[in-house]
Amino acid sequence: MTEPILDLRGVAKTYKSGVVALHPTDLAIAKGEIFALLGPNGAGKTTLISIVCGIVVPSAGSITVAGHDALTDAKAARRLIGLVPQELSVDMFETVLATVRFSRRLFGHSGHDAHIEQVLRDLSLWDKRDAKIMELSGGMKRRVLIAKALAHEPAILFLDEPTAGVDVALRRDMWTLVHRLREKGTTVILTTHYIEEAEEMADRVGVIDKGKLLLVDDKAALMAKLGKRELDLTLVEPIAAVPAALAQWAPTIENDGRTLRYVFDAKEERTGIPSFLTALRDEGIAFKDLETSKSSLEDIFVDLVGEKA
Ligand code: ADP
Ligand code: MG
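Residue positions are given per chain, counting from 1 as you read along its sequence in written order. As they are written, the chains are lettered A onward and the ligands numbered 1 onward, keeping that order. Residue-level local features of this predicted model are given only where pLDDT is at least 70; pairs of side-chain atoms are given and counted only at 80 or more, and the full residue set underlies all totals for whole chains, interfaces and linings. Heavy atoms throughout the structure, all of them, feed into the side-chain values; hydrogens and water do not.

Caption draft 1: Representation of the coordination of the magnesium ion (ligand 2) within the structure. Think of the donor list as every N, O and S atom within 2.8 Å of the metal, or within 3.2 Å for Na, K and Ca; water never makes the list, so a site can look incomplete. The protein atoms donating to the magnesium ion (ligand 2) are T46 (OG1) and Q86 (OE1), with metal-donor distances spanning 2.0 to 2.3 Å. Taken together, the positions of T46 in helix α1 (residues 45-52) and Q86 in the loop between β6 (81-84) and α3 (96-106) put the pair 40 residues apart, joining distant regions of the chain. Numbered from the N terminus, helices here are DSSP runs of H or I no shorter than four residues, and strands are runs of E no shorter than two.

Caption draft 2: View of the site of ligand 1. A molecule or strand has a residue near it when one of that residue's heavy atoms lies within 4 Å. Taken together, Y15, S17, V19, A21, P40, N41, G42, A43, G44, K45, T46 and T47 make up the full set of residues adjacent to ligand 1. Whenever a nitrogen or oxygen atom comes within 3.5 Å of another N or O atom, the pair is scored as a polar contact, on the condition that within protein one atom can donate a hydrogen and the other can accept it, and that pairs from neighbouring residues in sequence are kept only if both atoms are in side chains. The contact in question runs from a nitrogen atom of ligand 1 to an N or O atom on the side chain of Y15, over 3.5 Å. In this structure, an oxygen atom belonging to ligand 1 sits 2.8 Å away from a side-chain N or O atom of K45. In terms of residue count, α1 provides more of the shell around ligand 1 than any other element does, 3 residues in total. Within the shell around ligand 1, the residues separate by chemical class into 5 nonpolar, 6 polar and 1 charged. Polar here means any residue other than Ala, Val, Leu, Ile, Met, Phe, Trp, Tyr, Cys and Pro, which are nonpolar, and Asp, Glu, Lys and Arg, which are charged; Gly is therefore polar.

Caption draft 3: Fine view of the pattern of salt bridges. When a carboxyl oxygen of Asp or Glu lies within 4 Å of a side-chain nitrogen of Lys or Arg, that pair is called a salt bridge. Taken as a whole and judged by the stated rule, the model has 13 salt bridges. As a salt-bridge pair, R180 and D122 come within 2.8 Å of each other at their nearest N and O atoms. Separated by 58 residues along the polypeptide, R180 in helix α6 (residues 168-183) and D122 in helix α4 (residues 113-122) bring together distant segments of the chain. According to the relative accessible area criterion, R180 is partly exposed, its value standing at 33%. Burial here depends on accessible area, computed with a 1.4 Å probe over protein chains only, as a share of the maximum for the residue type. Under 20% is buried, over 50% is exposed, and the range in between is partly exposed. The class of D122 is partly exposed, set by a relative accessible area of 25%.

Caption draft 4: Layout of the sheet that holds strand β5 (residues 68-69). Here a strand pair is declared whenever DSSP counts at least two bridges between the two strands. Here we have 4 strands laid out as an open sheet, ordered β2-β1-β4-β5, and antiparallel in their pairing. Strand pairing shows two members of the sheet lacking a second neighbour, β2 (20-29) and β5, which therefore form its edges. Inspection of the sheet shows strand β4 (residues 60-65) paired to β5 by 2 bridges, in the antiparallel sense. Residue T64 lies in a different strand from β5, and its bridge partner there is D69. Across the sheet, α1 touches β1 (6-14), β2 and β4, and the angle it forms with β1 is around 120°. Whether two residues are in contact is decided by their heavy atoms: any pair within 4.5 Å suffices. A fitted line through C-alpha atoms serves as each axis, taken over the contacting stretch for helices, and the angle formed by two N-to-C directions is quoted from 0 to 180°.

Written out as structure tokens, the structure reads:
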């Protein structure tokens, strides 16, 4: 990766209560990347984001945001960041326009209203610009939070659980927004406990659980691994080599020839198992037991999904 826009080294957090929310974590994010941090509730996602955004002080580690040290030069780092928090946190008595304009000025921009108008239009908020925030629905309030985060044209946008509990229209608009931001070169880091959300939006996915970043991989590679399963056949007679007639399934021989293993993609419509078993019978290879198992990655995922709120 060329110079990452965000670089975490050994970042850790133990809260005063003694909870270890984040074990020492290294993570580098490239400019323009859409990165999903995927994990169940309590995994440490909000903690990690909050540390980068200067809301939570880390117990250890260092962070640079486009070369600025986020701990010693927090102001410069923060200016490059937009955060859409998980919880609603807006001044209920303000109007939409005033709130979003305030966010832009907070980071030293003039009231460059063409940008604000564009952001509000993109989020279907323009018609509501003079409404007081307390008059808006929950979904509209979330849109205001997004508009606030984008008001100062950040290079990095953090979305903390952007679609948890939001309506379909907002979810769809969020997709569109993220794709448009990507085209502009904005880096987007989102957290989620929905696999589908990571799958839909991200270029790269990090899986976090119990404060540990378990793995980081390109989405395509990760999703391919996640769908893989193994079919193990315990043979009646051991074999020394895979017969040519079975080559198209590329099975492997395990266990001194007593097990024949076929790896298939459980997410495909056709797993290839019936034809594999037919070919096996035609070859006169008999088996006495058969077992399918998930890859260890999928185990991680099943744990994650099982724990989701
Ligand atoms: P996630 O966003 O993945 O759901 P969090 O980062 O919010 O996870 O929480 C990680 C762990 O840290 C949880 O066990 C949570 O209870 C704990 N935690 C979060 N914030 C605080 C806090 N301010 N004080 C003490 N513990 C906290
Ligand atoms: Mg959270």
